[in-house]
Amino acid sequence: MNKFVTNEVIGHGHTTSSLELNQVGEKMFGNSWDGALGRNEVQKKYNGGVALVNMDKRQYGLPSGTHWVCLVDNHYYDPLLPNGNHWDIEQSDAEQNCGQRCLAFAMLYVMDFQLAKVV
């Protein structure tokens, strides 16, 4: 995983909140950032840019936080599912860094979308 995203930007390698992800996402992606969303907000708020979507619904202001996936340019990435050419799973069930992995994937996708689809 990209240590720049986990250590320098987020500051840790464990569970991330939507507040943390929104702060970083706005800095990294500017106007392309559609937000850290609950799954019930995607249809209303996703505009085809970069968004992290929590598998929980947004309730009481923030998604409660089970697992983050990434939408970037209408491409879906889930670190717990097989991805890329080798269909490898990049996050173990014991790890709690899906938010950081999703940010790293989105950053790679924006830099080189063809490479990101291979990873």
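Look above for the structure.
What counts, and at which threshold
Residues numbered from 1 in each chain as written. Predicted model: local features only at pLDDT ≥ 70, side-chain atom pairs only at ≥ 80, totals over all residues. Heavy atoms only, no water. Phe/Tyr/Trp six-rings, centres within 6.5 Å; stacked < 30°, edge-to-face > 60°. Helix = DSSP H or I, 4+ residues; strand = E, 2+ residues; numbered from the N terminus. Buried < 20%, exposed > 50% of the residue type's maximum accessible area, 1.4 Å probe, protein only. Pairing = 2+ DSSP bridges. Salt bridge = Lys/Arg side-chain N within 4 Å of Asp/Glu carboxyl O. Axes fitted to C-alpha atoms, helices over the stretch in contact; angles between N-to-C directions. Parallel < 35°, antiparallel > 145°, perpendicular 65-115°, else oblique. Contact = heavy atoms within 4.5 Å.

Draft legend 1. Summary view of the packing of aromatic side chains. Scanning all chains against the criterion turns up four aromatic pairs. Between Y77 and F105, the aromatic rings sit 4.3 Å apart at their centres with planes inclined by 5 degrees, giving stacked as the arrangement. Of this pair, Y77 sits in strand β6 (residues 75-77) while F105 sits in helix α4 (residues 98-111), and the two are 28 residues apart along the sequence. Arranged with centres 6.1 Å apart and planes meeting at 45 degrees, the rings of Y109 and F113 form a pair that is tilted. F113 gets classed as partly exposed once you look at its relative accessible area, which sits at 39%. Through a chain of ring-to-ring contacts, three or more aromatic side chains come together here, namely Y77, F105, Y109 and F113.

Draft legend 2. The pairing of strand β1 (residues 33-38), seen in detail. Of all six residues in β1, six are buried, a share of seventy percent or more. When β1 meets strand β2 (residues 50-54), the two strands line up parallel, connected through five bridges. Across the sheet, residue G38 finds its bridge partner in β2, namely N54.

Draft legend 3. Here's a closer look at the pattern of salt bridges. Taken as a whole, this structure holds two salt bridges when the rule is applied. A salt bridge links E95 to R101, with the nearest nitrogen and oxygen atoms 3.2 Å apart. According to the relative accessible area criterion, E95 is partly exposed, its value standing at 30%. Its relative accessible area of 12% is what places R101 among the buried residues.

Draft legend 4. The packing of helix α2 (residues 18-29) against α4, seen in detail. Orientation of α2 relative to α4, taken along the N-to-C sense of each, is 10 degrees, at an axis distance of 12 Å. Considering the angle they form, α2 stands roughly parallel to α4. For the pair formed by α2 and α4, the contact residues are L21, V24, M28 and F29 on the first element and G99, L103, A106, M107 and V110 on the second.

Draft legend 5. Just the sheet that holds β6, in detail. Spatially, four strands are ordered β1-β2-β5-β6 in an open sheet, and the strand pairing comes out mixed. In the strand order of this sheet, the two ends are held by β1 and β6, each with one partner. On average, each strand axis in the sheet is inclined to that of its neighbour by 15 degrees, with strand direction left out of account. Of the pairings in the sheet, the one linking β2 to strand β5 (residues 68-72) comprises five bridges and is antiparallel in character. If you follow N54 over to β5, its bridge partner there is W68. Relative to β1, α2 is tilted by about 165 degrees, and along the sheet it contacts β1, β2 and β5. Against the sheet, α4 makes contact with β1, β2, β5 and β6, and its axis sits at roughly 15 degrees relative to β5, the strand it touches most.

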